[in-house]
There are 2 protein chains.
Amino acid sequence: MLTKGLEDYLELIYQTISKNKVIKAIDIANEFKISRPSVSEALIRLADLDLIIYEGRKGIKITEKGVVEAKKIINRHNILFKFFSEVLKIDYQIADKNACKIEHVIDDEVLDKIHQFSELYIKNRANKELN
Amino acid sequence: MLTKGLEDYLELIYQTISKNKVIKAIDIANEFKISRPSVSEALIRLADLDLIIYEGRKGIKITEKGVVEAKKIINRHNILFKFFSEVLKIDYQIADKNACKIEHVIDDEVLDKIHQFSELYIKNRANKELN
DNA sequence: ATTTATTGTAAGGTAAACCTAACTAATTGT
DNA sequence: ACAATTAGTTAGGTTTACCTTACAATAAAT
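**Student:** Just to check I follow, could you spell out the overall build of chain A for this structure?
**Tutor:** Broken down by element type, chain A carries six helices and two strands. With respect to the three principal axes, the spread of C-alpha positions in chain A is 60 × 25 × 25 Å. Within chain A, buried positions represent 41% of all 131 residues. Distance between charge centroids for chain A: 4 Å, based on 22 positive and 21 negative side chains.

**Student:** Looking at this model, I keep getting lost on the protein's contact with DNA strand D. Mind explaining?
**Tutor:** Of all residues adjacent to DNA strand D, which total 19 residues, the nearest are A:Thr3, A:Ser35, A:Ser38, B:Arg36 and B:Ser40. A share of 55% is what sugar and phosphate atoms reach among the atoms of DNA strand D within 4 Å of the protein. Between DNA strand D and A:Ser38 there is a distance of 2.7 Å, counted from a phosphate oxygen to a side-chain nitrogen or oxygen. A distance of 2.4 Å is found between a base nitrogen of DNA strand D and a side-chain nitrogen or oxygen belonging to B:Arg36. Looking at the surface near DNA strand D, the element that brings in the most residues is helix H3 (residues 36-48) of chain A, giving four residues. Considered class by class, the residues forming the surface near DNA strand D number seven nonpolar, five polar and seven charged.

**Student:** For this particular structure, what's the right way to read the interface of chain A and chain B?
**Tutor:** Contacts between chain A and chain B engage 20 residues on the former and 20 residues on the latter. Carbon and sulfur atoms supply 70% of the area buried between chain A and chain B, which totals about 1,900 Å² over both sides. At the junction of chain A and chain B, the tally comes to four salt bridges. The interface formed by chain A and chain B contains eight residue pairs in polar contact (both at pLDDT 80 or more). Elements represented by at least two residues in the side of chain A that touches chain B include exactly helix H4 (64-87), helix H5 (92-102) and helix H6 (108-130) of chain A.

**Student:** Explain the environment of B:Ser118 to me, please; I cannot follow it from the model alone.
**Tutor:** All names here are of chain B. For Ser118, the location among the structural elements is in helix H6 (residues 108-130). The sequence separation of Ser118 and Asn30 amounts to 88 residues, and the corresponding C-alpha distance is 34 Å. Beyond its immediate sequence surroundings of up to four residues, Ser118 is in contact with Phe83 and Val87.

**Student:** What exactly am I supposed to notice about the packing of helix H1 (residues 4-18) of chain B against helix H2 (residues 25-32) of chain B here?
**Tutor:** All names here are of chain B. Closest axis-to-axis distance for the H1/H2 pair is 11 Å, and the angle between their directions is 120°. Classed by the angle they form, the pair H1 and H2 counts as oblique. For the element pair H1 and H2, the recorded crossing hand is right-handed. In this structure, H1 uses Asp8, Tyr9, Leu12 and Ile13 to contact H2, whose residues at the interface are Asp27, Ile28, Glu31 and Phe32. Residues belonging to the contact of H1 with H2 are distributed by class as follows: five nonpolar, no polar and three charged.

**Student:** Teacher, can you tell me more about the domain arrangement of chain A here?
**Tutor:** Interface size, as often reported, equals the accessible area lost upon joining of the parts. All names here are of chain A. Domain annotation of chain A identifies domain 1 (4-62) and domain 2 (74-130). In this structure, domain 1 and domain 2 have C-alpha centres spaced 27 Å apart. If you look at the interface, domain 1 gives six residues, while domain 2 gives four residues. When domain 1 packs against domain 2, the two sides together hide about 460 Å² of surface, and 55% of this comes from carbon and sulfur. If you look at where domain 1 meets domain 2, you find zero salt bridges. Of the residues in the side of domain 1 that touches domain 2, the class split is one nonpolar, one polar and four charged.

**Student:** Sorry if this is basic, but what is going on with the pattern of salt bridges here?
**Tutor:** Opposite charge on two side chains permits pairing when their charged atoms draw close. Residue and element names in this part refer to chain B. The full count for this structure, using the stated rule, is 14 salt bridges over all chains. Notably, a salt bridge pairs Asp108 with Arg76, separated by 2.4 Å at the nearest N-O pair. Of this pair, Asp108 sits in helix H6 while Arg76 sits in helix H4 (residues 64-87), and the two are 32 residues apart along the sequence. Note on Asp108: relative accessible area 48%, which makes it partly exposed. Its relative accessible area of 16% is what places Arg76 among the buried residues.

**Student:** Looking at this structure, how should I read the relation of the copies chain A and chain B?
**Tutor:** For these two chains of identical sequence, chain A goes onto chain B by a turn of 180° and a shift of 0.0 Å along the axis, with RMSD 0.1 Å. Read as a symmetry element, the transformation amounts to a two-fold axis. Among all C-alpha atoms of chain A, that of A:Ile102 lies closest to the rotation axis, at 3.2 Å. Most of the interface of chain A is mirrored in chain B, where 100% of its interface residues are also at the interface.

Definitions and cut-offs
- Residues numbered from 1 in each chain as written.
- Chains lettered and ligands numbered in written order.
- Predicted model: local features only at pLDDT ≥ 70, side-chain atom pairs only at ≥ 80, totals over all residues.
- Heavy atoms only, no water.
- Helix = DSSP H or I, 4+ residues; strand = E, 2+ residues; numbered from the N terminus.
- Buried < 20%, exposed > 50% of the residue type's maximum accessible area, 1.4 Å probe, protein only.
- Lys, Arg positive; Asp, Glu negative; His and termini not counted.
- Charge placed at Lys NZ, Arg CZ, Asp CG, Glu CD.
- Near = heavy atom within 4 Å.
- Polar contact = N/O pair within 3.5 Å; in protein donor to acceptor, adjacent residues only side chain to side chain.
- Nonpolar A, V, L, I, M, F, W, Y, C, P; charged D, E, K, R; others polar.
- Contact = heavy atoms within 4.5 Å.
- Buried area = accessible area lost by both parts, 1.4 Å probe.
- Salt bridge = Lys/Arg side-chain N within 4 Å of Asp/Glu carboxyl O.
- Axes fitted to C-alpha atoms, helices over the stretch in contact; angles between N-to-C directions.
- Parallel < 35°, antiparallel > 145°, perpendicular 65-115°, else oblique.
- Left-handed = near helix turned anticlockwise from the far one by under 90°.
- Domains from an automatic or database assignment.
- Least-squares fit on C-alpha atoms with pLDDT ≥ 70 in both.

Written out as structure tokens, the structure reads:
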């Protein structure tokens, strides 16, 4: 299973590549304020798990499996972020920071309920405002 | 700062003592499925932080400071548990398990909002049912 | 084209939170 | 009372996720 750190790195890799940008090991080091050797190690681990293809300076590519995994993580993040910011009206930065921490520990069953609840709540609120 | 593990152990110590029961190192080991030496070490650490008074076989006592800290943790747990079980209608066991994990990472600001939201939501639902 | 700066790797270290095995002290059963 | 069991400690080991220092390879600047 993927650790919190690896999930974070994969998330950033996917998001960067999605924007047609290139991501390098040093970008991950800077983003998460960890050393270059630690990133090196983490990337090798992600490659061992077939989530990325890592060829050092030649670049970082994400695999099919990596995309699936990254999307799962981002989906968790987005559900939590939406609930925090739109339902609870929490400031974006704090909503994001907490989504980032909770996305690694919450069970799918709970996440699904939050998702359903959020959608319903936001829809109902919108209907109410029409009257 | 208290780590996840130490928070969990302190929580159990407080809850057990609150019920006028005696808690021993081995109870903590059994509850969390960790070894006796690991508990020994953790209790020394909690004592170093002035959260408990630990005298080996003579027993574990909780300090004023420990009570304050434990109550904070339990409060977080209860807020999350109530939200999960009463608002989201999640099964007790899963609600408890997730509260247990999230209580260690969530920010106070988010917790407060969840608390307010839960109370309001439950109250409104009760009023609706009266009509 | 060389020098300089940047990026990545290798080697080895640290701290946290666990572990096992072996020992000691205290409690319990007969 | 004393043997057996239980509880806690000591000593030393493992794993994970970091770190620093030093080096190698590539890219950029002059």
